[in-house]
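These are the residues of each chain, in order.
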Amino acid sequence: MVIHTQKETLVQALSSIKKNDKIGFVPTMGALHNGHMSLVNKALEENSLVVVSIFVNPTQFNNQADLKKYPRTPDDDISLLKSVKGEIIVYFPEISDLYEDAITAKKYNFGNLENEMEGKHRKGHFDGVGTVVSKLLKIVKPDTAYFGEKDFQQLQIVKKLVTIEELPVKIVGCPILREENGLAMSSRNKRLSETQFDEAAVIYKILKEVQQKFASTSITDLNAMVAERFLQNPNLKLEYFEIADEETLKTATHKNSKSKYRAFVAVFAGKVRLIDNISLN
Ligand code: PAF
C-alpha cells in the first residue's frame, strides 16, 4: 500500500496504470470503521485498484468546535487499510495540497437538495462537500466512487454534482452498516461515552418503528410519534425528524403512491451529533 501526501505524486502514480484497469475511489475523513471498510471492499471487488482519501475537510464544517473535535486516528486508519487484501493507494494530503490559495468553498446550486434537512441545520455544509469532492474527483479521476447511504443527502448531492460538473464517474451508494445495537456506524461514534453509545441504540429502534407503521399511519401521526419517543429519551435531543421524498429530499406531508420515501433524523447525544435514515417503501 502506497501513501501519497501530494496530489502531484498521486496523479503520476495513477497515470502509469494500464488503460483497461478500473479505478475505484472511496473518499473519507478518516477515523475509519467497518462502514468505510465495506465501501473499500466493494470498491476492491469491482475495480483493479482503489484510492482511499483521508482528509478532514475544513470547508464542510459550519462549527469550528466540531472541526476541532472531529476524531483523527491516522495510525489506526493506515493499519486497517493495510490489513485489507487488494491494491490500495492512500491519498492523505495536508490542507494546502487541496486548498492552495484560500480555504473557501465554491457556491453551488444543487437544485434545492442543499437546502433541505442537513442543509438547513449546517449552513454551507454542502458547498464544502461539493468543493472537496469535486477537487478529489478531478485529481483521482476514478471510474466509480463509493459513498455511504448514512449520509443519504450527501449521496444525492454528489450525484447532482457530477452531472453539474460533467465529471465522467459513476457514483455508487452503499448500505448503512450498523453496530450490534443498531446504531449506524459513524466516525463520530468514537466520541460517545459507553452510556451514550447504549442510549443511542433507540434511534434505529424508532426508525424501524416508523418503517413498520409507514403503510398504515399518516405522516402527521408518525411525526408526532417520533417526537413523543424522543421526549421519553431525554438524553437524546432531537434536532429534526423528517419523512422526505428520496429523489427531491422535499419534506413529505402526505403520501403519494408513486414516490419513494425515507425517514431522516438528526439527534444530539450530549455534544455529539448523530444522523441516520431508513427507507420506508
Ligand atoms: O462523508 C464524508 O466522509 C465526507 O463528507 C467526504 C465525502 C469524504 C467529503 O469530505
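Note that the structure is a prediction, hence the values are computed from the model and not measured.

**Q** Is there a simple way to explain the site of the ligand in this structure?
**A** Around the ligand, the neighbouring residues are Pro27, Thr28, Met29, Asn57, Gln60, Val132, Phe147 and Gln154. Note that an oxygen atom of the ligand is positioned 2.6 Å from one of the side-chain N or O atoms of glutamine 60. Between the ligand and glutamine 154 there is a distance of 2.7 Å, counted from an oxygen atom to a side-chain nitrogen or oxygen. For the ligand, the protein covers 89% of the area, taking 280 Å² as the surface of the free molecule.

**Q** How should I be thinking about the pairing of strand 6 (residues 170-174) in this particular structure?
**A** Two faces make up the sheet, and in a regular strand the side chains alternate between them. Pairing between strand 5 (residues 144-148) and strand 6: 5 bridges, direction parallel. Of the residues in strand 6, the one forming a bridge with glycine 148 is cysteine 174. At this point the chain moves from strand 5, through helix 8 (residues 152-164), to the parallel strand 6, and the crossover so formed is right-handed.

**Q** In this structure, what is going on with the nonpolar core? I would like to understand it.
**A** Ranked by internal contacts, the top residues of the largest apolar core, which has 40 residues, are Leu14, Val51, Leu98, Val133, Leu137 and Ile171. Counting residues per element, this core draws most heavily on helix 7 (residues 125-140), at 8 residues. In this structure valine 133 touches Phe147, Val158 and Leu161, once residues within four positions along its chain are discounted. Judged by nonpolar contacts, the second largest core, of 27 residues, contains Ala200, Ala263, Val272 and Ile278.

**Q** Sorry if this is basic, but what is going on with the packing of aromatic side chains here?
**A** Two numbers describe a pair of aromatic rings. These are the distance of the centres and the angle of the planes. Tallied over the full model, the rule gives 5 aromatic pairs. For the ring pair phenylalanine 152 and phenylalanine 264, a centre distance of 5.9 Å and an interplane angle of 55 degrees mean the geometry is tilted. Highlighted residues: phenylalanine 152 in helix 8 and phenylalanine 264 in strand 8 (residues 261-269), separated in sequence by 112 residues. Note on phenylalanine 152: relative accessible area 5%, which makes it buried. Its guanidinium or amino end placed over the ring of tyrosine 99, lysine 135 lies 4.9 Å from that ring's centre, counting from NZ or CZ. Positioned above the aromatic ring of phenylalanine 214, the side-chain terminus of lysine 255 is 4.7 Å from the ring centre.

**Q** So what exactly am I meant to see when it comes to the UniProt feature "binding site: (R)-pantoate" (unreviewed entry) in the protein chain here?
**A** Taking the UniProt record as the reference, the feature "binding site: (R)-pantoate" (unreviewed entry) is found at Gln60 and Gln154. Taking the farthest pair of C-alpha atoms as the criterion, the annotated set spanning 95 residues converges on one region, since that pair is 11.3 Å apart. As for its position among the elements, glutamine 60 is in the loop between strand 3 (49-54) and helix 3 (64-69). Those residues in contact with glutamine 60, other than ones at most four positions away along the chain, are Met29, Arg122, His125, Gly128, Val129 and Val132.

Cut-off values and rules
- Residues numbered from 1 in each chain as written.
- Predicted model: local features only at pLDDT ≥ 70, side-chain atom pairs only at ≥ 80, totals over all residues.
- Heavy atoms only, no water.
- Near = heavy atom within 4 Å.
- Polar contact = N/O pair within 3.5 Å; in protein donor to acceptor, adjacent residues only side chain to side chain.
- Areas by Shrake-Rupley, 256 points an atom, 1.4 Å probe, with all protein chains shown as cover.
- Pairing = 2+ DSSP bridges.
- Helix = DSSP H or I, 4+ residues; strand = E, 2+ residues; numbered from the N terminus.
- Right-handed = clockwise from strand over helix to strand, strands pointing away.
- Core = buried A, V, L, I, M, F, W, Y, C linked by side-chain atoms within 4.5 Å.
- Buried < 20%, exposed > 50% of the residue type's maximum accessible area, 1.4 Å probe, protein only.
- Contact = heavy atoms within 4.5 Å.
- Phe/Tyr/Trp six-rings, centres within 6.5 Å; stacked < 30°, edge-to-face > 60°.
- Lys NZ or Arg CZ within 6 Å of the ring centre and 35° of its normal.
- UniProt positions renumbered as here; feature names shortened; annotations may be inferred.

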